[in-house]
Amino acid sequence: MILPLQILQTSDESLLAEFFQASVGQWRSERRYYTLPEGETKEMVSVITINFLEQGCEKLRKLAQMHGLPNTASLTCGAEVIWESTNSISNKKESKGTTLFGALGNTLYRDRGFATAKPVTAQYYFPNPTTLCLRTEYNNSVFEEELKLVGSKYRTRQSIISRAGEQLMIGQYLEKRI
């Protein structure tokens, strides 16, 4: 007998694979971070490359090892995100790097977090097939993210970072397929 929770997890894993596959390619990400409560803003532009990772690939096996998952556990799919960011105002290069994501059930395993180089996990769900919601918690902070595919040429993202129940930062992104 299959329990409803198992069906939901399989459905979400399937939606996640479709979401990652629809996101494959190169994107120009324009984003603005609002620091709260002062309201200071920082504007960034990034070039992002997204690659789909299939179950059993070497990068997903390494990610599973990083998280101490048993050898029998296999991440069902994933994505590799490569980015290079520039401050929109100063034109100064801000950061560049790579992040790996891999799914098992309703957990998204990451090789690093937004504010840490250590591996983290996020819980994810889909309120609809084109919107991915994540909740990540570490270092007494909560990171809530929503990524939405808008047709095949656009994505929007919103991130809210909180600590001790107080919102510290909001990030809003518009990503255009290159």
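For the structure itself, look to the data block above.
None of these values were measured; they are calculated from a predicted model.

Student: What is the right way to read the pattern of salt bridges from this model?
Tutor: Pairs can form between side chains of opposite charge once their charged atoms are near each other. This structure, assessed with the given rule, holds twelve salt bridges. Taking the shortest distance from any N to any O, the salt bridge between Arg 135 and Glu 137 comes out at 3.0 Å. Relative accessible area serves as the criterion here: at 38%, Arg 135 is assigned to the partly exposed category. With relative accessibility at 51%, the residue Glu 137 sits in the exposed group. Of the charged contacts, one joins Arg 157 and Glu 175 as a salt bridge, the two residues approaching to 2.7 Å between their closest N and O atoms. You can see Arg 157 sitting in strand S9 (residues 154-163) and its partner Glu 175 sitting in strand S10 (residues 166-177), a full 18 residues away along the chain. Judged by its relative accessible area of 0%, Glu 175 falls in the buried class. In the salt-bridge network here, residues are joined through shared partners; they are Arg 28, Glu 30 and Lys 176.

Student: Help me understand the nonpolar core in this model?
Tutor: In globular proteins that are soluble, nonpolar side chains generally tend to be buried together. In this structure, Leu 16, Phe 20, Leu 108, Tyr 124 and Leu 132 are the most contacted members of the largest nonpolar core, which totals 22 residues. Elements with a minimum of two residues in this core: helix H1 (4-23), strand S2 (40-54), strand S3 (77-87), strand S4 (93-104), strand S6 (120-128), strand S7 (131-138) and strand S8 (141-150). In terms of residue count, the dominant contributor to this core is H1 (five residues). Sequence-distant contacts of Phe 20, defined by excluding residues within four places in its chain, comprise Phe 52, Cys 77, Gly 78, Ala 79, Phe 101 and Leu 108.

Student: Please explain the packing of aromatic side chains as it appears in this structure.
Tutor: The geometry of an aromatic ring pair comes down to the distance between the two centres and the angle between the two planes. Applying the stated criterion across every chain, the model contains six aromatic pairs. When the centroid spacing of 6.2 Å and the interplanar angle of 85° are considered together, the rings of Tyr 124 and Phe 126 count as edge-to-face. Geometrically, the ring pair formed by Tyr 138 and Phe 143 is stacked, given 4.7 Å between the ring centres and 20° between the ring planes. Residue Tyr 138 is classed as buried on the basis of its relative accessible area of 11%. Judged by its relative accessible area of 7%, Phe 143 is buried. Its guanidinium or amino end placed over the ring of Trp 27, Arg 155 lies 5.4 Å from that ring's centre, counting from NZ or CZ. The lysine or arginine in question, Arg 157, covers the ring of Tyr 173, its NZ or CZ lying 4.1 Å from the ring centre.

Student: Looking at this structure, I do not really get the side chain of Arg 31. What am I missing?
Tutor: Looking at the secondary structure, you find Arg 31 in strand S1 (residues 25-35). Buried charge Arg 31 goes without a salt bridge, the closest partner of opposite sign being Glu 175 at 6.4 Å. Within the local environment of Arg 31, its side chain forms a polar contact with the side chain of Ser 85, the two groups lying 3.2 Å apart. Not counting the four nearest positions on each side in its chain, Arg 31 is found in contact with Lys 42, Glu 43, Met 44, Ser 46, Ser 85, Gln 172 and Tyr 173.

Criteria and cut-off values
Residues numbered from 1 in each chain as written. Predicted model: local features only at pLDDT ≥ 70, side-chain atom pairs only at ≥ 80, totals over all residues. Heavy atoms only, no water. Salt bridge = Lys/Arg side-chain N within 4 Å of Asp/Glu carboxyl O. Buried < 20%, exposed > 50% of the residue type's maximum accessible area, 1.4 Å probe, protein only. Helix = DSSP H or I, 4+ residues; strand = E, 2+ residues; numbered from the N terminus. Core = buried A, V, L, I, M, F, W, Y, C linked by side-chain atoms within 4.5 Å. Contact = heavy atoms within 4.5 Å. Phe/Tyr/Trp six-rings, centres within 6.5 Å; stacked < 30°, edge-to-face > 60°. Lys NZ or Arg CZ within 6 Å of the ring centre and 35° of its normal. Lys, Arg positive; Asp, Glu negative; His and termini not counted. Polar contact = N/O pair within 3.5 Å; in protein donor to acceptor, adjacent residues only side chain to side chain.

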